[in-house]
Amino acid sequence: MPYRILVLFAIALPFISSCQNSIGDKFTELSSPDKKLKIQLFGENGSPILHYSLLWKDSLLVELSPIALDLEGEEFDELTVKDIQQFGKDSLFSPVIASKRRVFRDHYSAIRINF
C-alpha cells in the first residue's frame, strides 16, 4: 500500500509543479540593499498583464498579484512592457541644515518599467 502512494505521488508531482508555474517567465528581481526584501516581476509570453511577488527573507509576503494603473478614473490593466531598467545608488551627502549627523548615506535599489 505505501508503495502505491509513493508511485501515485511521483506521477502527480510534475502536474502539481506545472500548475504552480502557470504565470510564465520572471522578467527581473530587485532586492533591497540589505537583501532582505525582494520583489519579483513575472509576465506571460504574449500577454500584456504583469504580475509581482514580494518576499521578506525568502518568505512570501505577497503572492502573484497583477499590476494595473488607475489614473483619474481611467483603468489600465493590460500594460505592455517595453523596457525594464535596474539602477541603484550608494553615496554620502551632507545636509545643508544642521542635524545630529554630518554625513548621511543614500543607498537604494530601484527599477524603472516603461509601458
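Now for a look at the structure at hand. What you see is a predicted model; the values in this text were computed from it and never measured.

Some words on the sheet that holds strand E1 (residues 25-31)
To summarise the sheet geometry, strands pair through backbone hydrogen bonds and adopt either a parallel or an antiparallel arrangement.
Piece 1. Ordered in space as E1-E2-E3-E4, the 4 strands form an open sheet in which the pairing is antiparallel. Strand pairing shows two members of the sheet lacking a second neighbour, E1 and strand E4 (59-67), which therefore form its edges. For this sheet, the mean angle separating the axes of adjacent strands, direction not counted, is 20 degrees.
Piece 2. Bridge count for strand E3 (residues 50-56) against E4 is 6 bridges, and the pairing is antiparallel.

Thoughts on a nonpolar patch on the surface
Piece 1. A grouping of Leu37, Trp56 and Leu61 is seen on the molecular surface, where their side chains present a nonpolar patch of about 280 Å² in accessible area.
Piece 2. Looking at the secondary structure, you find Trp56 in strand E3.

Regarding the pattern of salt bridges
Piece 1. Applying the stated criterion across every chain yields a total of 3 salt bridges.
Piece 2. Between Asp58 and Lys38 there is a salt bridge, and its shortest N-O distance comes to 3.2 Å. Remark: Lys38 occurs in strand E2 (residues 37-43) and Asp58 occurs in the loop between E3 and E4; sequence separation between them is 20 residues.
Piece 3. In this structure Asp58 comes out as exposed when scored by relative accessible area, which is 59%.
Piece 4. With a closest N to O distance of 3.4 Å, Lys89 and Asp106 form a salt bridge. With Lys89 in strand E7 (residues 83-93) and Asp106 in strand E8 (residues 104-114), this pair connects stretches of sequence that are 17 residues apart.
Piece 5. For Lys89, a relative accessible area of 36% corresponds to the partly exposed category.

Conventions adopted
- Residues numbered from 1 in each chain as written.
- Predicted model: local features only at pLDDT ≥ 70, side-chain atom pairs only at ≥ 80, totals over all residues.
- Heavy atoms only, no water.
- Pairing = 2+ DSSP bridges.
- Helix = DSSP H or I, 4+ residues; strand = E, 2+ residues; numbered from the N terminus.
- Axes fitted to C-alpha atoms, helices over the stretch in contact; angles between N-to-C directions.
- Patch = residues over 30% accessible without salt bridge, like charges linked within 9 Å, V, L, I, M, F, W, Y side chains within 5 Å.
- Areas by Shrake-Rupley, 256 points an atom, 1.4 Å probe, with all protein chains shown as cover.
- Salt bridge = Lys/Arg side-chain N within 4 Å of Asp/Glu carboxyl O.
- Buried < 20%, exposed > 50% of the residue type's maximum accessible area, 1.4 Å probe, protein only.

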